[in-house]
Amino acid sequence: MPFSLNLFPELNLVFPDILSMLILFTLAVVKNFLKEEHAKKILSKISLLSSVILLFATLIYVSRADEKTTEFFVYNKASGQIKILLFLCLFAILGYLNYTKLNKALNENFFLLLYGITNALTISISANNFIPLILALELYTFSLGFLLMNSCDAVLHRKCAIRFLLLSSIASSIFIFGCSLIYSQSGSLSFSAIKSSNCLISEIGQVLIICYMFFKLGCAPFHSWVIDVYEKLSSTTILFLEAIWKLFMMFVFIKLISVFAALDCLKNFLMIFAIIAMGIGAIMPIFQNNIHKFVASISIGHIGFAISSLYINQSEPIIMAYMSYNSLAIFCFFSAILFLENYHPVKTFEDLSGIIKTSPISGVTVVASMFAMCGLPPFGNFIAKINIFKLFLSNRDYLILAFGILYSVISIVYLIKWSRYFFYSSKSININNNTHSILAIFLFVILMITIIFYEPIFIYFNTIFTLK
C-alpha cells in the first residue's frame, strides 16, 4: 500500500495521519524558536501551507491506496473521503483567517490547537479499536485545555481549564471502565470483536462508552462544561469547534454506534438522551444573552435532534447533511460577528442593538444566519430537518416526532427574543466600509446558494456510508 508505514504492521497508521502529526510537531518546534511578536504571523502562514500539503497528499493517497485493516486502525474509501473533506475545511478556515485578518485577536497557540484537534479527528476516523480512539479524543481534551490555560485572562481561564480537565478525567475514567467491561467478555477492544458480544456486562460497557462520546460532543446531560468553556473562548475558536469539530465528531460517533448495532436498548437510550438534549437546547438559549453561551446552548439542541434519528436504518447521510448545514450557519454567524468586532466589542445581543438600521447588510446577514441555525425556511437546515421528520413518520416514531416539532417551535421563541435588539434605534455600530459590506454580502449569498446543494450533499454522505 503506497505511503503506508510498514515498520509496525499492527499499528499501521495511514499516511495522512502521520503527516498531520508531523505538522503538529513541526509547529510546536517552530513556535519555541520564534520571537513572540513574529510567532503568530509565521505560524498562521505555515499552518495554511501545511493544510494545502495535507489536502493534496491525502487526495493522492486515496486515489492509490487499497483497503487496509489492522487490530488498531482501518483505512478504506469512506475514511479517505471524510479526511479529504476535513482537510478541505481546515484549508478553508485557515485561508479565511489569513486573508481577512481575523486572526488579530488570536494567540499563536490557536494554531497548535487547530492541528491538535485535526489530529484527534484523523486518528478517530481511522480507529478500529478503543485504544487509539481514546488517545485521539484525549488529544482534543489537552489541546482545548492548553488553549484555555494560555488565554489572556490567565487566572479566570485557568480555573475554567482545570474544571474542564477534571470533568474530562472523570469522563475518561467512565470510558476506560466501559472498555474493561467489554474486554472482560470479548477478550478484545477491537470494534469487529465487539459486534459479537451481546451479554449484559458488554451492554453496560457500551452504554458507558456512549456517555463518554456524549460528553465529547457536548450533548445533554453531559453539557455543563460546554457553556463554561465557550464563554471563555474566542469567537474564532468557537467557530472552528462548531463548524468543523462537531461535524466530524458526529461522523466518528455514527461510526461507533454502528459497532453497537446489536444493542437492544439502544433505541430507547438514544431517544431519552435526545429528548433531554432538545429540551435543554430549546429552553436554555431563551435566557442566554451572552452570544458564546447562546451558541453553546443551541448546539446542545442540534446534537440532540441529530441523534434522535440515529437508531433508524439509513439515517446517517441525512444526519450528516443536517450537521453540515448547521456548521455552515454557525460559520456565517460567527464570521459576521468577527467582522463587527473590528469596529465594536460584541459580547451580548445588546451590543448588536440597532444594527439593522445602522449597518443593514451586516444586520441582515446576522439575522439570516440565526434563521439558518434554528432550521427555519428557506435555508438548507430546514430541508434537512424536514427529511428527519420524514424518517420519524416512515418509522412510525410519533413520540420523538412530537418532541422534534416542539423543539423546532420553541426555537422560534429565542430567535424572536434576541433578534429584536437588531431593530432598535441605536447607533452603537455604524460601519461604512466597502470591504466589510462585500464580505457580509458574500456570507449571505453562501447561506442562500447552498440551499440548492442539499441533494448533492446528501448523495456525497450517502456514498461515504455505503463505501466499503
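Okay, so let's go over this structure. (Residues numbered from 1 in each chain as written. Predicted model: local features only at pLDDT ≥ 70, side-chain atom pairs only at ≥ 80, totals over all residues. Heavy atoms only, no water.)

**What about a nonpolar patch on the surface?**
Thinking step 1. A cluster of nonpolar residues, Ile361, Ile441, Val445, Ile449, Ile452 and Phe453, forms a patch on the protein surface that exposes about 520 Å² of accessible area.
Thinking step 2. Of the residues forming the nonpolar patch, the biggest block, three residues, is contributed by helix H18 (residues 434-449).
Thinking step 3. Considering the arrangement of structural elements, one finds isoleucine 361 in helix H15 (residues 360-373).
Thinking step 4. The class of isoleucine 361 is partly exposed, set by a relative accessible area of 34%. (Patch = residues over 30% accessible without salt bridge, like charges linked within 9 Å, V, L, I, M, F, W, Y side chains within 5 Å. Areas by Shrake-Rupley, 256 points an atom, 1.4 Å probe, with all protein chains shown as cover. Salt bridge = Lys/Arg side-chain N within 4 Å of Asp/Glu carboxyl O. Helix = DSSP H or I, 4+ residues; strand = E, 2+ residues; numbered from the N terminus. Buried < 20%, exposed > 50% of the residue type's maximum accessible area, 1.4 Å probe, protein only.)

**Considerations on the packing of aromatic side chains**
Thinking step 1. Applying the stated rule across the entire model yields 27 aromatic pairs.
Thinking step 2. Residues phenylalanine 349 and phenylalanine 422 carry aromatic rings whose centres are separated by 6.4 Å and whose planes lie at 45 degrees to one another, so their mutual orientation is tilted. In this pair, phenylalanine 349 sits in the loop between helix H13 (316-341) and helix H14 (355-358) while phenylalanine 422 sits in the loop between helix H17 (398-419) and H18, placing the two residues 73 residues apart along the sequence. Each member of the pair, phenylalanine 349 as well as phenylalanine 422, is classed as buried.
Thinking step 3. A cation sits over an aromatic face here: lysine 385 above phenylalanine 305, 5.6 Å from the ring centre.
Thinking step 4. When the ring centre of tyrosine 421 is taken as reference, the NZ or CZ atom of arginine 420 above it lies at 4.8 Å. (Phe/Tyr/Trp six-rings, centres within 6.5 Å; stacked < 30°, edge-to-face > 60°. Lys NZ or Arg CZ within 6 Å of the ring centre and 35° of its normal.)

**So, the side chain of lysine 255**
Thinking step 1. You can see lysine 255 is positioned in helix H10 (residues 235-259).
Thinking step 2. Although lysine 255 is buried, it makes no salt bridge; aspartate 17 carries the closest opposite charge, 9.2 Å away.
Thinking step 3. What lysine 255 contacts, discounting residues up to four positions off in sequence, is Val74, Ser124, Ile125, Ser126, Ala127 and Phe191. (Lys, Arg positive; Asp, Glu negative; His and termini not counted. Contact = heavy atoms within 4.5 Å.)

**A closer look at the nonpolar core**
Thinking step 1. Phe130, Met250, Phe253, Met370 and Phe422 are the most contacted members of the largest nonpolar core, which has 164 residues in total.
Thinking step 2. Top element by residues in this core is H13. It accounts for 19 residues.
Thinking step 3. Not counting the four nearest positions on each side in its chain, phenylalanine 253 is found in contact with Ile210, Met213, Phe214, Leu217, Ile307 and Leu310. (Core = buried A, V, L, I, M, F, W, Y, C linked by side-chain atoms within 4.5 Å.)

**Observations concerning unusual backbone geometry**
Thinking step 1. Proline 221 follows alanine 220 through a cis peptide bond whose omega is 5 degrees.
Thinking step 2. Here proline 221 is to be found in the loop between helix H8 (200-217) and helix H9 (224-232).
Thinking step 3. Residue proline 378 follows proline 377 across a cis peptide bond; omega there is 10 degrees.
Thinking step 4. In this fold, proline 378 is placed in the loop between H15 and helix H16 (380-394).
Thinking step 5. Here arginine 396, not a glycine, exhibits a phi torsion of approximately 60 degrees, which is positive.
Thinking step 6. As for its position among the elements, arginine 396 is in the loop between H16 and H17.

**Things to note about the packing of helix H5 (residues 130-149) against H10**
Thinking step 1. Packing of H5 against H10 leaves a shortest axis separation of 14 Å and a crossing angle of 165 degrees. Our classification of the angle between H5 and H10 gives roughly antiparallel. Considering the relative orientation of H5 and H10, their crossing is left-handed. In this structure, H5 contributes Phe130, Leu133, Leu137, Tyr140, Leu144 and Leu147 to the contact, and H10 contributes Thr237, Leu241, Trp245, Met249, Val252 and Leu256.
Thinking step 2. The residue makeup of the contact of H5 with H10, split by class, is eleven nonpolar, one polar and no charged. (Axes fitted to C-alpha atoms, helices over the stretch in contact; angles between N-to-C directions. Parallel < 35°, antiparallel > 145°, perpendicular 65-115°, else oblique. Left-handed = near helix turned anticlockwise from the far one by under 90°. Nonpolar A, V, L, I, M, F, W, Y, C, P; charged D, E, K, R; others polar.)

Remember that the coordinates give geometry; whether it matters functionally is a separate question.
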